[in-house]
Each structure stands twice: as C-alpha cells, then as structure tokens.
Amino acid sequence: MSLSTQDRRARDTPKPPVTTRAAGDRPVAKLPLRYRLRRDRTLILMTLPAVALLLVFAYVPLAGNVVAFQDYDPYIADNAFEAISQSPWVGFEWFQQMVNDRLFWSALRNTLVIFLLQLTLFFPVPVLLALFINSFVRPRVRAVAQAILYLPHFFSWVLVVTVFQQMFGGAGLIAQTLREHGHEGFDLMTDPGLFKFLITFEMIWKDAGWGVIVFLAALASVSPDLYEASAMDGANRWRRMWHITLPALRPVVALLLVLQVGNALTVGFEQILLQRTAVGPGASEVLDTYVWNVGITNGGFSYAAAVGIVKGIFGLLLVLGANKIAHLMGEQGVYKK
Amino acid sequence: MSSLLSGLTGPARPGTRGRLRPVWEEEPSRAGLASKGVVLVLVCLGVLFPLWVVIVTSLSSVKTITEAGGLVVVPRGITFVAYQELLSGGQVTRATLVSVCVTVAGTLFSMAVSVMCAYGLSRTGSLLHRPLLMFLLATMFFGAGLIPTYLVVQGLGLTDSYLALILPSALNVFNILVLRAFFMSTAQELIESARIDGAGDFRILWQIVMPLSRAVIAVITLFYAVGYWSAWFNASIYISDPEMLPLQNVMNQLVLKQERPTGLAQVINTGHLSPLAIQMAVMVLALIPVAVLSPFVQKHFKQGMLTGAVKG
C-alpha cells in the first residue's frame, strides 16, 4: 500500500468517539452504522468469495430438493434449472412410493447394520489405541508410532480398497500363500456374507489411527498432579486409569458418540460404491449408494431426491436427539444448551 | 524401525539416558514392556506391510513376479520398468498430470478463499459478523444431498470441466472455523499497532496474521490438498471424457476393475512388463505424495484438529 493511499484512508475514516471503545474491538455503545461499515467493509469483502461458494453449492442445492415433489424430466430442457421450472408437480407421490419400496427398506437395513458394526467394532479402537500409545513414555516411540498410524487416513478410498484387494482378494497375498501350500484360495472381497465386516475392517485400517489424535490430546491435558497424588494415596496403575484417565476421556467419547450417531445414516459412501459391483447391491446397498444408483445411474432424479430428503431429515433428528441425550447425561455434546 | 525398537527394549537405566518415568510411578516389569513393544510393532506392521508388498511388487521384474506367483514380499533385484512405461506418456501420465494440476490449483483456491473468510470473521463485533458466521455454521447441519448438487453443477454447465472437480468441494467449513479460531488468538496488540501504522486488513492478514499462523496453515493446506488428491467420486459423475480423468479414477479402472491400461498392451503381451507391476506402480504413484508430505506436518495435527472444536 503506498503512502498516499494510507494518508487518504486515514483522512477518510471518521474517528470514533473515544469513550465508546473498550479494549479490543467490542463496542460498548453501538457505533453509528456508517462508521462500522467504513471500518469493517474489508472484512465483509473478504468473506464474500466463501459466502458465494456456499450459496451456490450448499444453499441453492438445498432449494433444488424441490425436484422431490416433481416428476423431474432432465430432457425437457437443455439446462437443469429450466428443466426444474418446467417439470410437473406431483406432491408427495415419491414419498408414498418409498413406503412400498423393498429396495429402500433393504438399503436402510444395511445402513443401520453397518452403523451398529461401526459403533461396536470401530468406535472403541481409537480409545484403546490412544491408551496404548499413551503408555509409552519415550517421545520418540510415540512420534514414530503416530506417524505410521496416521498414514492410512491420508490415503484415498480407492487406494485403501485396492490395498485390501491385494491382501485379501482372490488374487491377493493370502490366497496366493494358501494356494502355494496346497490349500484352497479364498476371496474376502467378493463374499456378500462378510462384506459388512470387511468394510468395518477397512475403516479401522484407514481411520482408527487418526482417531487416536483427539484422545491423546485429552490424555495430555490431564494434570500429572492428579496421578501423583493418587499414587501417593496408594492407587495402583489400574485404579489410576479407572479413576483419572477414563473420566478424563468421558467428554470426548460423548462428543464423538454424538457425532457418530448423528452420522448413522451416512456410512462409508465412497468405500461401498467402489466395492458395490464385487459383492452385489443386496449386501452392500446403503441409503447413499441407493440415491446414487436410482438418481445418477438410472436417471430417477425425483425419487432419489426424495430418498435423500428423508435421509437428511432423519439424520438431523438423530443429531438433535443424540445431543439431547448427551445433555441429559451431563455432557456437553456438540453444541451448548 | 531400529529407532522404534531401541525405545522398547526396557526401562531407561538411571544415569544412561535419564529417567523418563516420574519417581512415584511403578517400574513396569520387563515382560510387560516387551509384550507391549511386540504389540506396537505388530500394529505398525499392519499398516506398513501391505504398503511394503505393493512397493516391492511395483519394482519387481516379470521373472520375479512369476516366481513369486503374484505379489512379491522379498525383493530380488529392482527394476523401474513399470514406472518408465507408465510415465512415458499415455493414460497414467495424463491422469497424474491432471491430478497434480487439480490438486495444486484447487488447494491454492481453497486456501485463499478459506483464509480470507476466516480472517473476515475473526473480529467479533464487526458489522454482520454474527449473520455471516451463522450462514457458514448452518451448512454444517444440513447437506443438500447428492441429487440437487448434481443438478446444480449440471445446470451451471460445469460438467466435463475441471471446475467441477474444484468448486463444489472447494470449502470445508470446519477448516475455516479452525483457521478463524487461530486468527482470533493472534495478539490483538500487533494488529492494533499495525492498523495505527496505516496497514489495511489485507496487509495485516498477509504480513502479520498469516506468518504467525504458519502451523495451522500448513495443516489445513495438507487437509485440502489430500482431499483434492484423493477425490474420485466427483470426477466419476461429472467427467465423461476418459482423457480428463484424474489418477484415482484411473487407478480404480486399472486395479479394482482390472482393465488393461491403454497403449501398454504390447509391452505386456511381449512379456516385458507384468500387468501386476503396472497396477502396483499406479498405486505407489497415488500414495507417494501423501506418504511423503503428511509426516512433515504431523507435529501440528493436534492444533489443526482441536482448535476449531474448542472455540467453534
């Protein structure tokens, strides 16, 4: 910024009445709008690109859900917006159809089963891993272990699924080794019966290590004085874990449980989509992939959007409900009361 | 791995490397320490071993792969044939270039927009501060859904354009909140004195706030970059031209769906090159950037993950 603009700016900006300013930027009395606009216009300007992006790619699509109440025909016009304006309205027809849609209920059932598997098999792993890593005292060991365990979180789902295919697939390392020793090969990747366990296993491989980070931070924030005092009082290491460490983790566990329950209907979309053809939709179809299949693949946009709306509403109810329960149990949850 | 093991061999002997455990803590038994060490090594091998196999196979010759009957665990000679063939033009070279360009351009764009927005929202009490913040936060509670988003991208004419790989997923509100929380913790006296010296908000952001927030900026940059690098779904629905597909989509075709790479049929058929080595080499190409970059930022992860959660 050149000197002249600085001067001009200093001249242009009206001086606020000194008495109304406290420390920091919080005004004690309300400043005149004209002054605040002059003062904050750059700040507002800076948020505009983000606001525009969210408007176009979050709020406009929200309004685009009206196609669920239409018989949307993509070929009625060249452009999706025009097609929406010209498609006929059908009211709640798609929602009524959903009630009798066997595939929808099967997708919902798969979604909930996978969620329950995640909750019971995935969720405890990061907590246990964090306690385990925390029990090592050498900083070097902890840093190296964390670096290795965080790594898969940064891999794409395509990579994770291909890695699993190379290990557990029909041509994978385990099948290959078994065959070499005269056994029959096996193929975990195309087994519909084990599919739900397979994807939970993949989630654990990819993200359990990363989940450790939050719990390690919670553990690091516990005052060592507590441990020392209880050790003086004769508590052994298991009693210290039970009475100090685990209570310290409680709020974080509650928060993550709320988040997990809130996301119950969104389970492993990309991951499942990549493996859908290998095991067939019967075992693998979840709500998100059902929306994708009906809408994007088969062009049933309106019905797919209706399924998406139902999923969104129940997802929101789950977040609010889980948060309510967290509050009732005396935890903070995602947002404050 | 040796450094990992050296830390596990037993309790620190007083006088040699200092005592790491506080005096009141019981000395763990040697058996306990050893079994803990073994478990830790096994857990880490669970991550590293598959990657090892993939990398070794990608560097193996046709002969080695045939002898091993497929994937190679023990390397016998190293050859870069697979990489030479993949990167000497053709499908995978193009896809890698696409991925690199989209990742670089997208990350720069996302960071510019996010940093500006985070700074713009970092002063409580500024005009429109609350409504703008609410506008952002609300998007965390609802997702518009796949179908309407698809229709909007299509309606804007972004299909078959690289913009479709950047714009719809350019912002992560959580990342903005993390940056914002960090900017808010920047010493206000510095900002105040810069303003008195006549610096505008852009200049304060660029010369004071951003240099002071290097750690969190590194983390969020990594998060965005990994997001772009790993993305494949948007390309799978918005891009129909196979020449424009990024590396992840090509990897999906070549490895998961077992398609033969275009243009390499001859090399494979004449026995110069194993299709398996090609597949593994594609996987290594996809994993190298993240595996190399993420450890550098590791020490800042905690801040990047938690700051926003506390102050959001």
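The model shown is predicted, which means the values in this text are computed figures rather than measured ones. (Residues numbered from 1 in each chain as written. Chains lettered and ligands numbered in written order. Predicted model: local features only at pLDDT ≥ 70, side-chain atom pairs only at ≥ 80, totals over all residues.)

Caption draft 1: Quick peek at the overall build of chain A. Across its full length, chain A holds 16 helices and zero strands. Across the 337 residues in chain A, those meeting the buried criterion constitute 34%. Residue pairs at least 24 apart in sequence account for 61% of intrachain contacts in chain A once pairs closer than 6 positions are excluded. (Helix = DSSP H or I, 4+ residues; strand = E, 2+ residues; numbered from the N terminus. Buried ≥ 20, exposed ≤ 12 C-beta atoms within 10 Å, placed from the backbone. Contact = placed C-beta atoms within 7 Å.)

Caption draft 2: Seen up close, the overall build of chain B. Helix and strand content of chain B: 17 helices and zero strands. Within chain B, buried positions represent 39% of all 312 residues.

Caption draft 3: Main features of the environment of Val104(B). Within the secondary structure, Val104(B) is located in helix H5 (residues 91-120). Along the backbone, Val104(B) and Trp229(B) are 125 residues apart, and their C-alpha atoms lie at a distance of 9.1 Å.

Caption draft 4: Looking closely at the packing of helix H10 (residues 195-220) of chain A against helix H12 (residues 237-262) of chain A. Residues and elements named next belong to chain A. Taken N-terminus to C-terminus, the directions of H10 and H12 make an angle of 130°; their axes are 9 Å apart at the nearest point. With respect to their mutual orientation, H10 and H12 come out oblique. The hand of the H10/H12 crossing is right-handed. Side by side, H10 and H12 meet where Val 214, Phe 215, Ala 218 and Leu 219 of the first sit next to Thr 245, Ala 248, Leu 249 and Val 252 of the second. For the contact of H10 with H12, the class distribution of residues is seven nonpolar, one polar and no charged. (Axes fitted to C-alpha atoms, helices over the stretch in contact; angles between N-to-C directions. Parallel < 35°, antiparallel > 145°, perpendicular 65-115°, else oblique. Left-handed = near helix turned anticlockwise from the far one by under 90°. Nonpolar A, V, L, I, M, F, W, Y, C, P; charged D, E, K, R; others polar.)

Caption draft 5: Quick peek at the confidence of the model for chain A. The predicted model of chain A has a mean per-residue pLDDT of 87, with 90% of residues at 70 or higher. Considering only residues more than four positions removed or in separate chains, one finds that residues 1-23 of chain A, a stretch of pLDDT under 50, has 17 contacts. (pLDDT = per-residue confidence, 0-100.)

Caption draft 6: Quick look at helix H2 (residues 30-58) of chain B. Residue and element names in this part refer to chain B. Its 29 residues place the ends of H2 41 Å apart at the C-alpha level, agreeing with the 42 Å of an ideal helix rising 1.5 Å per residue. The principal kink in H2, of about 40°, is found at Gly 46, preceding the proline Pro 50 by one to four residues. Listed in full, the buried residues belonging to H2 are Leu 40, Pro 50, Val 54, Thr 57 and Ser 58. (Expected span 1.5 Å × (residues − 1). Bend = angle between axes of the 7 residues up to and from the residue.)

Caption draft 7: Seen up close, the environment of Ile296(A). Within the fold, Ile296(A) resides in helix H15 (residues 287-297). Judged by C-beta crowding, with 16 C-beta atoms within 10 Å, Ile296(A) ranks as partly exposed. Along the sequence, Ile296(A) and Leu131(A) sit 165 residues apart, while their C-alpha atoms lie 44 Å from each other. What Ile296(A) contacts, discounting residues up to four positions off in sequence, is Tyr150(B) and Ile237(B).

Caption draft 8: Just the domain arrangement of chain A, in detail. On domain assignment, one finds that chain A holds domain 1 (3-69) and domain 2 (93-328). Its C-alpha centre places domain 1 of chain A at a distance of 40 Å from the equivalent point of domain 2 of chain A. (Domains from an automatic or database assignment.)

Caption draft 9: Inspection of the interface of chain A and chain B at higher detail. Across the contact, 81 residues belong to chain A and 85 residues belong to chain B. The element contributing the most residues to the side of chain A that touches chain B is helix H2 (residues 33-64) of chain A, with 19 residues. Among the residues forming the side of chain A that touches chain B, the class breakdown is 54 nonpolar, 17 polar and 10 charged.

Caption draft 10: Geometry of unusual backbone geometry. Residue and element names in this part refer to chain B. Although it is not a glycine, Leu 128 adopts a positive phi angle of roughly 65°. With respect to the element layout, Leu 128 can be found in the loop between H5 and helix H6 (129-141). The phi angle at Asp 160 is positive, at roughly 60°, despite the residue not being glycine. Relative to the elements of secondary structure, Asp 160 occurs in the loop between helix H7 (146-155) and helix H8 (163-166).

Caption draft 11: Expanded view of the environment of Ser114(B). The topology assignment puts Ser114(B) in helix H5. We classify Ser114(B) as buried; it has 27 C-beta atoms within 10 Å. Considering only alpha carbons, one finds Ser114(B) and His300(B), 186 residues apart in sequence, at a separation of 18 Å. Non-local contacts of Ser114(B), meaning those with residues more than four positions away in its chain, are made with Ala50(A), Leu171(B), Asn175(B), Ile176(B), Leu179(B) and Ile220(B).

Caption draft 12: Seen up close, the packing of helix H16 (residues 301-328) of chain A against H7(B). Packing of H16(A) against H7(B) leaves a shortest axis separation of 7 Å and a crossing angle of 130°. Considered as vectors, H16(A) and H7(B) are oriented oblique to each other. Here Phe301(A), Ala304(A), Ala305(A) and Gly308(A) of H16(A) lie close against H7(B), whose contacting residues are Leu146(B), Ile147(B), Pro148(B) and Leu151(B). For the contact of H16(A) with H7(B), the per-class residue count stands at seven nonpolar, one polar and no charged.

Caption draft 13: Up close: the nonpolar core. Ranked by size, the top nonpolar core spans 148 residues in total, and within it Val282(B) and Met283(B) carry the most contacts. Looking at this core, the element that brings in the most residues is helix H16 (residues 275-297) of chain B, giving 12 residues. (Core = buried A, V, L, I, M, F, W, Y, C linked by C-beta atoms within 7 Å.)

Caption draft 14: The confidence of the model for chain B, seen in detail. Residue and element names in this part refer to chain B. Here chain B shows a mean pLDDT of 86. Residues at 70 or above account for 89%. Here residues 1-17 is a poorly scored stretch, pLDDT under 50, and it has 20 contacts once near neighbours within four places are set aside; other chains count. Predicted confidence is poor over residues 308-312, with pLDDT under 50, and the contacts of this stretch with residues over four places away or in other chains come to eight contacts. For this predicted complex, the interface confidence score (ipTM) comes to 0.87, while the overall pTM stands at 0.87.

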